Amino acid sequence: MILLDNEKKGSRQAMSEDIITKILERDNLNLAFKNVKANKGASGIDELSIEETEKFIKEHKNQIVWQLYNRKYQPQPVRRVEIPKANGGVRKLGIPTVLDRVIQQAMVQVLSPIFEPYFSEHSYGFRPNRCCQMAIIKALEYFNDGYEWIVDIDLEKFFDNVPHDRLLRMVSDVVKDGNVVSLVNKFLKAGVMIQGNYEDTEIGTPQGGPLSPLLSNIMLNKLDKELEARNLHFTRYADDTIILVKSEKAANRVMESITHFIEKKLGLKVNMTKTKICKPNELKYLGFGFYKDIKNNTYNSVPHIDSKMKFQRKLKSLTKRSESISLDTRFERLNWLIRGWVNYFKISKMC
């Protein structure tokens with residue numbers, strides 16, 4: 001357990017909204033460390049494990065708190081990790097050091113409740129008491145209410161292309177503690193280490209740290225509010241947004257106008273080769289596919305064929321005889337995989 005002292009705050013005067021004090025409260029920091037430890041995860045560029053970082057924090061707790069209160073703390077660059085994607089591409093992750101993850105987690109625990117009242121009812125990603133299955137259920141409701149034309153928006157490398165200036169403006173509109181806004185800015189601009197070489201991060205919010213999901217919701221909340229102002233039906237999970245209308249003509253009109261809004265007002269890029277207009281049976285959304293039951297004339301969800309194939313590949317990999325692991329370990333991994341698959345797709349009518 002980490003016990004960070006809040007005694008040495010320097011000469012900094014309390015602000016009208018002293019959010020940094022709440023972030024650095026002992027109980028909040030202890031909870032942040034507990035959550036980071038529970039999530040496990042790899043080391044950052046300092047190669048310190050969770051246990052080693054805990055020891056480091058205990059030895060330097062007063063210095064860390066003083067630096068954070070006085071805007072002297074400097075996050076370390078994230079470590080670049082590339083995860084292969086099924087389509088042949090890669091997903092770029094940025095792994096912060098364990099210490100930076102603890103600080104980010106402590107920030108999220110305080111900032112999330114502050115931003116929650118501003119967020120849309122139609123966004124489901126990385127929010128308390130919400131999940132992707134809720135987005136699927138809501139989409140099915142829209143389909144069955146006659147909204148069968150879908151604008152499937154694809155944001156091109158969203159997490160890599162978030163403009164820092166616009167994001168920080170959105171953060172500071174709500175967070176009136178300049179110390180916290182400054183710390184968010186430092187995490188955004190901490191840089192990345194790629195095979196031992198440092199690169200600046202002038203845009204983007206790298207996936208891999210606890211703060212990134214919250215920042216993505218802050219950034220895309222403006223899109224949510226625009227869609228609400230137009231009385232459009234939609235669901236969003238992270239950067240996966242679908243807009244549902246009743247005619248192909250309306251879908252074309254919405255796709256053109258929303259693409260313009262995203263690029264001009266948010267400074268993001270829409271991937272026009274992947275953004276499309278489709279019907280429910282042509283849609284892949286959050287791993288689900290959709291079909292119409294001709295008996296009762298209603299849409300239902302089903303694991304998408306790509307999700308099934310991915311699951312089969314993982315099963316095959318775990319049952320390979322060439323992999324030298326114990327039978328108990330093999331059964332344990334299979335159990336995790338199968339249980340996770342069933343829990344994720346249990347809302348579907350057929351698997």
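The structure under discussion appears in the preceding block.
Residues numbered from 1 in each chain as written. Predicted model: local features only at pLDDT ≥ 70, side-chain atom pairs only at ≥ 80, totals over all residues. Heavy atoms only, no water.

## Let's talk about the overall build of the chain
Part 1 of the argument: When its secondary structure is counted, the chain shows 12 helices and 10 strands.
Part 2 of the argument: For 351 residues, the compact-globule formula gives about 20 Å, and the C-alpha radius of gyration of the chain, at 22 Å, lands near that figure.
Part 3 of the argument: In terms of principal-axis extent, the alpha carbons of the chain reach across some 70 × 55 × 35 Å.
Part 4 of the argument: Across the 351 residues of the chain, 46% fall into the buried class.
Part 5 of the argument: Expressed as a percentage of contacts within the chain between residues at least 6 apart in sequence, the contacts between residues at least 24 apart total 71%.
Part 6 of the argument: Carbon and sulfur atoms provide 50% of the accessible area of the chain, an area that totals close to 18,600 Å².
Part 7 of the argument: The chain carries 56 positive and 43 negative side-chain charges, and their two centres are separated by 3 Å. (Helix = DSSP H or I, 4+ residues; strand = E, 2+ residues; numbered from the N terminus. Rg over C-alpha atoms; globule rule 2.2 N^0.38 Å. Buried < 20%, exposed > 50% of the residue type's maximum accessible area, 1.4 Å probe, protein only. Contact = heavy atoms within 4.5 Å. Areas by Shrake-Rupley, 256 points an atom, 1.4 Å probe, with all protein chains shown as cover. Lys, Arg positive; Asp, Glu negative; His and termini not counted. Charge placed at Lys NZ, Arg CZ, Asp CG, Glu CD.)

## A look at a positive patch on the surface
Part 1 of the argument: Together, K85, R91, K92, K157, K269, K274, K310, R313 and K314 give the surface a local cluster of positive charge.
Part 2 of the argument: Put simply, the parts of the chain that give the positive patch at least two residues each are β2 (90-95) and α11 (305-318).
Part 3 of the argument: A total of three residues in the positive patch trace back to one element, the largest contributor, which is α11.
Part 4 of the argument: You can see K314 is positioned in helix α11.
Part 5 of the argument: On the basis of relative accessibility, which here comes to 40%, the residue K314 falls in the partly exposed class. (Patch = residues over 30% accessible without salt bridge, like charges linked within 9 Å, V, L, I, M, F, W, Y side chains within 5 Å. Salt bridge = Lys/Arg side-chain N within 4 Å of Asp/Glu carboxyl O.)

## What about the packing of aromatic side chains?
Aromatic rings considered in pairs are described by the distance between their centres and by the relative angle of their planes.
Part 1 of the argument: In total, this model carries 11 aromatic pairs according to the counting rule given.
Part 2 of the argument: A ring pair is formed by W341 and F345, whose centres lie 4.4 Å apart and whose planes are at 50 degrees; its orientation type is tilted. Placement of both W341 and F345 in helix α12 (residues 327-345) is noted, with a separation of four residues, approximately one turn of the helix. Comparing W341 with F345 shows no difference in burial state: the two are buried.
Part 3 of the argument: Ring-pair connections join several aromatic residues into one group, and the members of that group are F288, F311, W341, Y344 and F345.
Part 4 of the argument: Over the ring of Y147 we find K246, and its NZ or CZ is 4.8 Å from the ring centre.
Part 5 of the argument: The residue whose ring lies beneath K279 is W149, and the NZ or CZ to ring-centre distance is 4.7 Å. (Phe/Tyr/Trp six-rings, centres within 6.5 Å; stacked < 30°, edge-to-face > 60°. Lys NZ or Arg CZ within 6 Å of the ring centre and 35° of its normal.)

## Considerations on the environment of S216
Part 1 of the argument: Along the polypeptide, S216 turns up in helix α9 (residues 211-229).
Part 2 of the argument: Taking the relative accessible area as the measure of exposure, S216 reaches 0% and is therefore buried.
Part 3 of the argument: Considering only alpha carbons, one finds S216 and G125, 91 residues apart in sequence, at a separation of 9.5 Å.
Part 4 of the argument: Those residues within four positions of S216 in sequence are excluded, and the remaining contacts are F126, F158 and F159.

## Some words on the sheet that holds strand β5 (residues 197-199)
Part 1 of the argument: Reading across from one edge, β2-β1-β4-β5 is the order of the four strands in this open sheet, with mixed pairing throughout. Whereas interior strands pair on both sides, the edge strands pair on one side only; in this sheet they are β2 and β5. Here the average twist between neighbouring strands, direction ignored, is 40 degrees. (Pairing = 2+ DSSP bridges. Axes fitted to C-alpha atoms, helices over the stretch in contact; angles between N-to-C directions.)

## So, the nonpolar core
Part 1 of the argument: If you look at the biggest cluster of nonpolar residues, it comprises 66 residues, and the most contacted ones within it are M107, I218, I243, I262 and L268.
Part 2 of the argument: Top element by residues in this core is helix α4 (residues 98-115). It accounts for 10 residues.
Part 3 of the argument: Setting aside chain neighbours within four positions, we find M107 in contact with I23, V180, L183, V184, F187 and L211. (Core = buried A, V, L, I, M, F, W, Y, C linked by side-chain atoms within 4.5 Å.)

## Details of the sheet that holds strand β6 (residues 233-237)
Part 1 of the argument: In spatial order, the strands read β6-β7-β3-β8; together these four strands make up an open sheet with antiparallel pairing. The strands lining the two open edges of the sheet, one partner per strand, are β6 and β8 (276-278). With direction set aside, neighbouring strand axes in the sheet form an average angle of 20 degrees.
Part 2 of the argument: Note: strand β3 (residues 149-154) against β8, three bridges, orientation antiparallel.

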